[in-house]
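In case you want the letters, here they are:
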Amino acid sequence: MTIQWNEANEAVNTAASILIVTHVSPDGDAIGSMLGLANALRERGKQVTTAVDGGVPFVFNFLQNANTVVSKLESGEWDLMISVDASDEARTGLAGAYGRAHSKKVINLDHHETNTYFGDIFLVLSHAVSATEIIYYWLCEMPHPLSREVAIALMTGLVTDTIGFRTSNVQPSTLYVAQRLMEAGAPLHEIIQRVLESRPFGSVLLWKHGLQTVELSDKVVSAVITQESVKAAGVRDMTDAGLVGILNSVTDALIAVVFKETPEGRVELSIRAKTGLDISTVAVALGGGGHKVAAGATIDGPIEAAKARVLPLLQAIAKPPLVKVGDAVS
Ligand code: 5GP
Ligand code: MN
């Protein structure tokens, strides 16, 4: 599928009102994409609404117009909806469902290989490291000059999804985009500090609870975060606070998974793998999605049933990848 810049530009140029939505449990790429694009389109004179169920996690409040994001979308009509960083319709939550029913057209802008191509116009580029990288290219295509505030939002997505330019999909072109964003005024070090190196004490308490449940079996390391531990840690949402990333550093494991109990009693899976494996197929089979080495899904509980269902699927693919030295980076 070729990327539809012309169709997307035409849709934006002819729209007066635009709704931008992203995926539920938003991360830095979700919020950075939504706000970066929203602010650029506002600079072009568009009437823009942004919405995500539950609103913006406090760590991203420093981004321009974070305080205007609608956390419960219940009214409005738009000429155009743009979904950013969401691989499928369900991921856009209630805000996405409301938006689709009240918008004339939908642009699907995403970088997940598991994208289901919902909507009418596609800006899907699976080799992009973040959805904000695609937005950078789109602004070049428009063309639209990069303001400092937009550059900060786009850099936030680049930094979060590459964990500070450390993932195997980072290319010279990724660093070129980062260079352009820095030149436009995005302070790289400060953004890294804010989104990767800052967490409330409650997150560390969640690690404490999660690490007590840790298990290693057949090259899969796993941990559980219950609603009880979320309450005990006193955190606002059920974020795993990066626990799965810590577990993925275990050299005896090839796959890491965190089972997180939702307030509704379902189980959210955060899965990571060493470079060379592909866990996205398992995530899709479970009704979720993601990338080769970072994927997830939300499945039926309780936790023990979810573990019994998921661990064998992951253990079956936790085999050392057949890569020659130097081949792992692609
Ligand atoms: P995380 O573990 O950080 O929540 O998610 C890792 C990756 O998996 C992200 O790219 C995210 O978009 C994807 N992902 C996580 N949960 C789900 C889910 O329930 N459905 C889909 N489609 N993708 C998910
Ligand atoms: Mn992303």
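Heads up: the structure comes first, above all this text.
Residues numbered from 1 in each chain as written. Chains lettered and ligands numbered in written order. Predicted model: local features only at pLDDT ≥ 70, side-chain atom pairs only at ≥ 80, totals over all residues. Heavy atoms only, no water.

S.K.: Let's hear about the overall build of the protein chain: which residues, and what values?
M.R.: Counting its secondary structure elements, the protein chain contains 12 helices and 11 strands. For 330 residues, the compact-globule estimate of 2.2 N^0.38 gives 20 Å, and the protein chain sits close to it at 19 Å. Once the C-alpha set of the protein chain is aligned to its principal axes, its extents read approximately 55 × 45 × 35 Å. The proportion of buried residues among the 330 residues of the protein chain is 51%. Counting only contacts in the protein chain whose residues sit at least 6 apart along the sequence, the fraction spanning at least 24 positions is 66%. Within the protein chain, the 35 negative side-chain charges are centred at a point lying 3 Å from the centre of the 26 positive side-chain charges. (Helix = DSSP H or I, 4+ residues; strand = E, 2+ residues; numbered from the N terminus. Rg over C-alpha atoms; globule rule 2.2 N^0.38 Å. Buried < 20%, exposed > 50% of the residue type's maximum accessible area, 1.4 Å probe, protein only. Contact = heavy atoms within 4.5 Å. Lys, Arg positive; Asp, Glu negative; His and termini not counted. Charge placed at Lys NZ, Arg CZ, Asp CG, Glu CD.)

S.K.: Requested: an account of the coordination of the manganese ion (ligand 2), with residues and values cited.
M.R.: Protein-derived coordination of the manganese ion (ligand 2) comes from D29 (OD), D85 (OD), H111 (NE2) and D161 (OD), at a distance range of 2.1 to 2.4 Å. Positions of the donor residues of the manganese ion (ligand 2), expressed as sequence spacing, correspond to D-x55-D-x25-H-x49-D. Here H111 lies in the loop between β4 (106-110) and β5 (121-124) and D85 lies in the loop between β3 (80-84) and α3 (93-101), a separation of 26 residues in the sequence. H111 shares its class with D85; the two are buried. (Donors = N, O, S within 2.8 Å, 3.2 Å for Na, K, Ca; no water.)

S.K.: Residue-level account of the sheet that holds strand β11 (residues 294-299), with values.
M.R.: One open sheet accounts for 6 strands, arranged β6-β7-β8-β9-β11-β10; its pairing is mixed. Both edges of this open sheet fall to β6 (215-217) and β10 (289-290), since each of them pairs with a single strand only. The pairing of strand β7 (residues 220-225) with strand β8 (residues 255-261) spans 6 bridges and is classified as parallel. The residue of β8 that forms the bridge with I225 is K260. Contacts from helix α12 (residues 303-317) reach β6, β7, β8, β9 (267-273) and β11 within the one sheet, and its direction differs from that of β8 by about 165°. (Pairing = 2+ DSSP bridges. Axes fitted to C-alpha atoms, helices over the stretch in contact; angles between N-to-C directions.)

S.K.: I'd like to hear about the side chain of S103, residue by residue, with values.
M.R.: Assignment of secondary structure puts S103 in the loop between α3 and β4. In this structure the side chain of S103 is engaged in a polar contact, spanning 2.7 Å, whose partner is the backbone oxygen of G99. (Polar contact = N/O pair within 3.5 Å; in protein donor to acceptor, adjacent residues only side chain to side chain.)

S.K.: Tell me about the site of ligand 1, and please be specific about residues and values.
M.R.: Around ligand 1 there are 15 residues in total, and D88, H112, S270, R272 and A295 lie nearest to it. For ligand 1, an oxygen atom lies 3.4 Å from a polar atom in the side chain of H291. At 3.2 Å from an oxygen atom of ligand 1 is found a main-chain nitrogen or oxygen belonging to G296. Expressed as a share of its isolated accessible area of 490 Å², the protein-covered part of ligand 1 is 83%. Contributing elements (two or more residues each) for the shell around ligand 1: β9, β10 and β11. Ranked by the residues each element gives to the shell around ligand 1, the list is headed by β11, at 5 residues. The residue makeup of the shell around ligand 1 includes at least three contributed by each of domain 1 (5-196) and domain 2 (201-318). (Near = heavy atom within 4 Å. Areas by Shrake-Rupley, 256 points an atom, 1.4 Å probe, with all protein chains shown as cover. Domains from an automatic or database assignment.)

S.K.: Requested: an account of the sheet that holds strand β1 (residues 17-21), with residues and values cited.
M.R.: Here 5 strands make up an open sheet; going across it, the order is β2-β1-β3-β4-β5 and the pairing parallel. Either end of the sheet is taken by a strand with one partner, and the two such strands are β2 (47-51) and β5. Put simply, the sheet's adjacent strands are angled 15° from each other on average, direction ignored. Summarising the sheet, β4 and β5 pair through 4 bridges and their orientation is parallel. Pairing of D110 across the sheet is with V124, part of β5. Sitting on the sheet, helix α1 (residues 5-13) is in contact with β1, β3, β4 and β5, with an inclination near 120° to β5. Across the sheet, helix α4 (residues 131-141) is in contact with β3, β4 and β5; its angle to β4 comes to roughly 120°.

S.K.: An account of the packing of helix α2 (residues 28-43) against α4 is needed here, citing residue identities and associated values.
M.R.: As a packed pair, α2 and α4 sit with axes 8 Å apart at the nearest point and diverge in direction by 20°. Classed by the angle they form, the pair α2 and α4 counts as roughly parallel. With respect to the hand of their crossing, α2 and α4 are arranged in left-handed fashion. Between α2, through D29, G32, S33, L37 and A40, and α4, the contact on the second element is made entirely by A131, T132, I135, W138 and L139. (Parallel < 35°, antiparallel > 145°, perpendicular 65-115°, else oblique. Left-handed = near helix turned anticlockwise from the far one by under 90°.)

S.K.: Describe in detail the pattern of salt bridges, supporting the description with residues and values.
M.R.: Evaluated as defined, the whole model comprises 10 salt bridges. For R100, the salt bridge goes to E89, with nearest N and O atoms at 3.7 Å. Remark: E89 occurs in the loop between β3 and α3 and R100 occurs in helix α3; sequence separation between them is 11 residues. Residue classification places E89 among the partly exposed residues on the basis of a relative accessible area of 37%. Of the charged contacts, one joins K307 and E215 as a salt bridge, the two residues approaching to 3.2 Å between their closest N and O atoms. Separated by 92 residues along the polypeptide, K307 in helix α12 and E215 in strand β6 bring together distant segments of the chain. A relative accessible area of 10% means that K307 is categorised as buried. Under the relative-accessibility criterion, E215 is labelled partly exposed at 38%. (Salt bridge = Lys/Arg side-chain N within 4 Å of Asp/Glu carboxyl O.)

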